[in-house]
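Residues per chain are reported as follows:
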Amino acid sequence: MRDPFLNPFPPSDIARHSIWEMLVPRDIDAFLSADWSMVAGDFVEDGFIGIDGRRETNPDNWRLTFPALSAYRDEWLRQAKDFAGLSFAEDTRTAIFTTTTLEDIEVKGGFALARKKFDGGLKKSDGSFDVMKWQTVYYCRLHEGRWKISGFTGYLPNPMGPA
């Protein structure tokens, strides 16, 4: 069984190790703190683009919801603040780490494609279950000496296509 807190890429694999640290623990901790400043430096602002897959398998239904980093930042903060207002019956950090998988990162030169998947959810205090079942494909690049996110296609179904 995998340890969801353990980076699956050795430190010697600098690109993949760095990208995992950026997209898993730093992203989760920032989201739970609703603190954009913790991840603001992880993005390439110039030319950033975010596609909202709307949990649809058909790309005709996907939308250019985030044509700029500021649009994504605003939505990220809204979601983080909404999440912070919910009441859960379990440790949210552990639950999110457990649902998150990032084991497929393709690196070619100064570019990378990272596939982050969520499969699970969190038990709410009222007995209901907050389902986390989607995936995001991140476009990363080596920028100013470190790996950063230059865009993504996210909120995709997990799995894609017929189950």
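Below is a short write-up of the structure.

1. Digging into the overall build of the protein chain
So, point 1. From N to C terminus, the protein chain includes three helices and six strands.
So, point 2. At 16 Å, the protein chain has a C-alpha radius of gyration in line with the 15 Å of a compact globule built from 163 residues.
So, point 3. Referenced to the eigenvectors of the C-alpha coordinate spread, the extents of the protein chain come out at roughly 50 × 35 × 35 Å.
So, point 4. Looking at the protein chain as a whole, 40% of its 163 residues are labelled buried.
So, point 5. Here the analysis covers contacts within the protein chain between residues at least 6 apart in sequence; of these, 57% occur between residues at least 24 apart.
So, point 6. Summing over all exposed atoms, the protein chain offers an accessible surface of approximately 8700 Å²; the carbon and sulfur share of this is 52%.

2. Describing unusual backbone geometry
So, point 1. Cis rather than trans, the peptide bond between Asn-158 and Pro-159 has omega equal to 5°.
So, point 2. Residue placement: Pro-159 occurs in the segment after strand E6 (146–157).
So, point 3. With a phi angle near 55°, Arg-54 is a residue other than glycine that sits in the positive phi range.
So, point 4. Along the chain, Arg-54 turns up in the loop between strand E1 (49–52) and strand E2 (63–66).
So, point 5. Positive phi, normally seen in glycine, also occurs at Arg-55, with a value near 55°.

3. Thoughts on the pairing of strand E3 (residues 100–108)
So, point 1. The pairing of E3 with strand E4 (residues 111–123) spans seven bridges and is classified as antiparallel. Note that in E4 the partner of Asp-104 across the bridge is Arg-115.
So, point 2. Linking two consecutive strands that pair antiparallel, namely E3 and E4, is a turn of two residues; a positive phi of about 65° is found at Gly-109 within it.

4. Observations regarding empty space enclosed by the protein
So, point 1. Under the criterion given, the structure shown has one cavity of 30 Å³ or more.
So, point 2. The calculated volume of the largest cavity comes to roughly 80 Å³.
So, point 3. Met-22, Leu-23, Asp-27, Val-39, Asp-42, Phe-43, Tyr-72, Trp-76, Tyr-138, Ile-149 and Phe-152 are the residues that line the largest cavity.
So, point 4. Secondary-structure elements contributing two or more residues to the lining of the largest cavity are helix H1 (14–33), helix H2 (69–84) and E6.
So, point 5. Top contributing element to the lining of the largest cavity by residue count: H1, with three residues.
So, point 6. Class assignment for the residues of the lining of the largest cavity results in nine nonpolar, no polar and two charged.

5. Considering the pairing of strand E5 (residues 129–143)
For a regular strand, side-chain orientation follows a simple rule: the groups alternate between the two sheet faces.
So, point 1. Across 13 bridges, E4 lies against E5 in antiparallel orientation. By the bridge assignment for E5, Arg-115 is matched with Val-137.
So, point 2. Here E4 folds back onto E5 in antiparallel fashion, the turn holding five residues, of which Gly-127 has a positive phi close to 95°.
So, point 3. When E5 meets E6, the two strands line up antiparallel, connected through nine bridges. The residue bridging Gln-135 from the neighbouring strand is Leu-156, located in E6.
So, point 4. Connecting E5 to the antiparallel partner E6 that follows it, the hairpin turn spans two residues, and Glu-144 within it adopts a positive phi of roughly 55°.

Rules of the game
- Residues numbered from 1 in each chain as written.
- Predicted model: local features only at pLDDT ≥ 70, side-chain atom pairs only at ≥ 80, totals over all residues.
- Heavy atoms only, no water.
- Helix = DSSP H or I, 4+ residues; strand = E, 2+ residues; numbered from the N terminus.
- Rg over C-alpha atoms; globule rule 2.2 N^0.38 Å.
- Buried < 20%, exposed > 50% of the residue type's maximum accessible area, 1.4 Å probe, protein only.
- Contact = heavy atoms within 4.5 Å.
- Areas by Shrake-Rupley, 256 points an atom, 1.4 Å probe, with all protein chains shown as cover.
- Pairing = 2+ DSSP bridges.
- 1 Å grid on protein atoms, 1.4 Å probe; cavity = no way out; pocket = protein on both sides within 12 Å on 5 of 7 lines; lining within 4 Å.
- Points joined across faces, edges and corners; volume = space filled by probe spheres on them.
- Nonpolar A, V, L, I, M, F, W, Y, C, P; charged D, E, K, R; others polar.

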